[in-house]
Amino acid sequence: NLVRDNFALFVRCADGLGYFAEENNTKGTTGVNVKDRLDTLDAFSESCSYQARKSFKPLLDNTNEVRKVQSALAVLQRVQPILQAPQLMRQHLENGRFSAAVKAYRRVLVVDDSCKIELLNVSKAKAAECAREARRDLEATLANRTVSANALLDAIRDLDELLELAVPKGDDKDDTKKGLFEVGGTKIAVRELPPSTACLKLQSAHIWALVKVAVEETEQSMMRIFEGESLTKVHGDGAPGTASVAAESKKGEEASLPSAADAASKNTAATAPLASRNRWKYDVLDARVIATIQAVDIAKEWLPRLLVVANTAYDAERRR
């Protein structure tokens, strides 16, 4: 089958062999044999190959460099999210987007502690520093008395997510960086408590401090009134409820004192000491009313805030 399928090729080879045999017989010993011709062709081929390598060597070197650069770019493209994480976190923190900062920090967690690539380790260290800064900012938000209730809830949620990622400890020297806050003389270690519970304690400390200040101011006002000062002088016209309370007090005083016709018929010298003796009583009552109004204002502002945080803390405890 092999001979039949390739019969024409066998015939051509046989003719070629016959041709070379005739040439050798014709030229005798002076003719060039097949081996010499093949050696000449091999030498020529080697020379061509050498010249080609010599001529195209710069081009081949450039091609190798291009392949190396392309390979490096491909690797950088794959690790680009990790390398960009610290910069993104910094931008999010400056704009107050803590949720986005926590999401960016998750990218660097794929870098293992045993990684030997220095570039990735540096990026992870910078991201960890940004995460510690985010934790400090969130803790400060929990201790802030001016932010809204919704902002407190967002800070609790973001701090919970950040703590789940096990942020490495840094070189924290001052109390704020260690999570220690003092509100109204009460020191609270935020990092020893869940975020919701810490927020509840901090906000409760704020309302306790406000109530304490209001009570102290009321006691001081009482003492000054007992010493002979008037309510207007003690509280001033700008104090909450002072004007309305003073007006009502004046009406009550006028109603309790004798009328003008009766006063004219009686001894004027006896009426003046009576009014002077009754004045401090009304001032004391007015001061207490003002203190009650202030307490109601504090409760109106802070109780809904504390209830929201307390419900969040209760739900967090149930989930644990």
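The notes below deal with the structure included here. Owing to the predicted nature of the structure, the values given are computational and were not obtained by experimental measurement.

It is worth spelling out the pattern of salt bridges at this point. For the structure shown, the criterion picks out six salt bridges. What you see here is one network of salt bridges that share partners, running through Glu129, Arg132 and Arg136.

Take the pairing of strand β2 (residues 186-189) next. Relative to β2, strand β1 (residues 180-183) runs antiparallel, the two sharing four bridges. Its bridge partner being in β2, Val183 is matched across the sheet by Thr186. Connecting β1 to the antiparallel partner β2 that follows it, the hairpin turn spans two residues, and Gly184 within it adopts a positive phi of roughly 60°.

One way to put it is that helix α5 (residues 118-142) packs onto helix α6 (residues 149-164) with a least axis distance of 9 Å and a crossing angle of 145°. Between α5 and α6 lies a crossing whose hand is left-handed. Residues Ala131, Ala134, Arg135, Leu138, Glu139, Thr141 and Leu142 of α5 pack against Ala151, Leu152, Ala155, Ile156, Asp158, Leu159, Leu162 and Leu163 of α6. Taken together, the residues that form the contact of α5 with α6 break down as eleven nonpolar, one polar and three charged.

A few words on the side chain of Ser123. By secondary structure assignment, the location of Ser123 is in helix α5. Sequence-distant contacts of Ser123, defined by excluding residues within four places in its chain, comprise Ile82, Leu83 and Pro86.

Moving on, we come to the packing of aromatic side chains. As enumerated under the stated definition, the model contains zero aromatic pairs in all. Between Arg305 and the ring centre of Trp302, over which it is positioned, the NZ or CZ distance is 5.0 Å.

Conventions used here
Residues numbered from 1 in each chain as written. Predicted model: local features only at pLDDT ≥ 70, side-chain atom pairs only at ≥ 80, totals over all residues. Heavy atoms only, no water. Salt bridge = Lys/Arg side-chain N within 4 Å of Asp/Glu carboxyl O. Pairing = 2+ DSSP bridges. Helix = DSSP H or I, 4+ residues; strand = E, 2+ residues; numbered from the N terminus. Axes fitted to C-alpha atoms, helices over the stretch in contact; angles between N-to-C directions. Left-handed = near helix turned anticlockwise from the far one by under 90°. Contact = heavy atoms within 4.5 Å. Nonpolar A, V, L, I, M, F, W, Y, C, P; charged D, E, K, R; others polar. Phe/Tyr/Trp six-rings, centres within 6.5 Å; stacked < 30°, edge-to-face > 60°. Lys NZ or Arg CZ within 6 Å of the ring centre and 35° of its normal.

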